[in-house]
Amino acid sequence: MSRARLTWLTCGVLTVAVGLLAVHLLWWSRPTAYAPYGSSIRGPAQVEETRLVSLLLSDPTRDVTVHALRPVVTENTSDATIGFVVCTNGDRAGIGGGSGSLPNAECPSFQPLADLDLDDVDWTDESLVARITPRRPGVVRIEGVDVTYTDDWKHLWRTGTQRFGTDVVVRTG
C-alpha cells in the first residue's frame, strides 16, 4: 500500500473514531430519564395569599438516584416568599395549583426540600410543591426544576442534569 493511501486510510479511520466519540459524548451529556419539560400552570393570586403548585408531576422513566433538585425561579417582581417542600401523599395529582396552607388533604405530610436527603425520597409517593406568597403586585415565574441524577447500570451510571417539571406563572394584581 502506498504512503498516500495509508495516510488517507488513517485519516478516514480517525474521522470515524472522532465522530463516534462525539456522538457518545453527546448522548452522555443529555440525560433523558424524565418526561419532557413543558407542562404549565398559570394563575392569579392575591397579595399575602399562599399558592401551592406541584412542580414534579411524573416519575422518571427508569431507576435513577436523585442528587439535587434546584427549582429555577426566573422572575419574582412580587417580592414573593417562595418555599419548596416535598409532600408525602398517595395522590400525586392532588395539588396541581391552588391556594391554601399545608398540611391539607392532598398533602397530609411534608418536609422542606432543604431538610431532605434526596436519596431517601421515594418519588413514586412524593412530590415537590412550591409555596408562593406574593408580598406586592407583580409576577413569579418558575421555569421547572433542574434535576441532577445518576442513571441505573443499564444506562452506564450516566450522571447529568435535566430540566423537568412545570412552568409556573403567578400574577398578583
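Everything that follows concerns the structure shown earlier in this document.
The residue numbers shown here count from 1 along each chain, following its written sequence. Selection of residues for local features in this predicted model requires a pLDDT of at least 70, selection of side-chain atom pairs for listing and counting requires 80 or more, and totals for whole chains, interfaces and linings are taken over all residues. Side-chain metrics rest on all non-hydrogen atoms present in the structure, leaving aside hydrogens and water.

Here the focus is the overall build of the protein. Helix numbering and strand numbering both begin at the N terminus, where a helix is a DSSP run of H or I of at least 4 residues and a strand a DSSP run of E of at least 2. Helices and strands together make up the secondary structure of the protein, namely one helix and nine strands. Each helix (α) and strand (β) of the protein, taken in turn from the N terminus, gives the series α-β-β-β-β-β-β-β-β-β. Think of it in three bands: with a 1.4 Å probe and only protein chains considered, a residue is buried below 20% of the maximum accessible area for its type, exposed above 50%, and partly exposed in between. For the protein, with 173 residues in total, the buried portion stands at 36%. Note on contacts: a residue pair qualifies if any of its non-hydrogen atoms lie within 4.5 Å across the two residues. Here the analysis covers contacts within the protein between residues at least 6 apart in sequence; of these, 82% occur between residues at least 24 apart. In the form shown here, the protein has an accessible surface area of approximately 9800 Å², with 57% of it arising from carbon and sulfur atoms. With residues, only the protein chains shown are counted as cover, and all accessible areas are computed by Shrake-Rupley using a 1.4 Å probe.

Below, the discussion takes up the nonpolar core. Buried residues of nine kinds, namely Ala, Val, Leu, Ile, Met, Phe, Trp, Tyr and Cys, make up a nonpolar core once their side-chain atoms join them within 4.5 Å. In this structure, L55, L69, L128, I132, I142 and V147 are the most contacted members of the largest nonpolar core, which totals 26 residues. Of all the secondary structure elements, the ones that give two or more residues to this core are β3 (64-76), β4 (81-88), β7 (126-133), β8 (138-151) and β9 (159-172). For this core, the leading source of residues is β8, giving five residues. Once residues within four sequence positions are removed from consideration, V147 is found in contact with Y34, V66, A68, L69, G160, T161, Q162 and F164. Counting six residues, the second largest nonpolar core, distinct from the first, contains L52, C87, L102 and V129.

What follows concerns the sheet that holds β3. Strand pairing follows a simple DSSP-based rule, namely that at least 2 bridges must link the two strands. The mixed open sheet is built from four strands, whose spatial order is β1-β9-β8-β3. For this open sheet the edge positions go to β1 (39-45) and β3, each flanked by a neighbour on one side alone. Between one strand and the next, the sheet's axes are offset by a mean angle of 20 degrees, whatever the strand orientation. Two strands pair when backbone bridges link them, and β3 and β8 are joined in this way by 10 bridges, in the antiparallel orientation. Paired with V64 across the strands is D151, a residue of β8. An axis is simply a line fitted to the C-alpha atoms; with a helix, the fit covers only the stretch in contact. Between two such axes, the angle follows the N-to-C directions and lies from 0 to 180 degrees.

Here the focus is the pattern of salt bridges. The term salt bridge refers to a side-chain nitrogen of Lys or Arg lying within 4 Å of a carboxyl oxygen of Asp or Glu. Summed over the entire model, instances satisfying the criterion amount to six salt bridges. A salt bridge links R70 to D146, with the shortest nitrogen-to-oxygen separation between them at 2.7 Å. Taken as a pair, R70 in strand β3 and D146 in strand β8 lie far apart in primary sequence, 76 residues in all. The salt bridge involving R158 is made with D151; its shortest N-O contact spans 3.2 Å. Like D151, R158 is buried. One salt-bridge network, held together by shared partners, links R70, D146 and R163.

The values reported here are purely geometric and, on their own, carry no functional implication.
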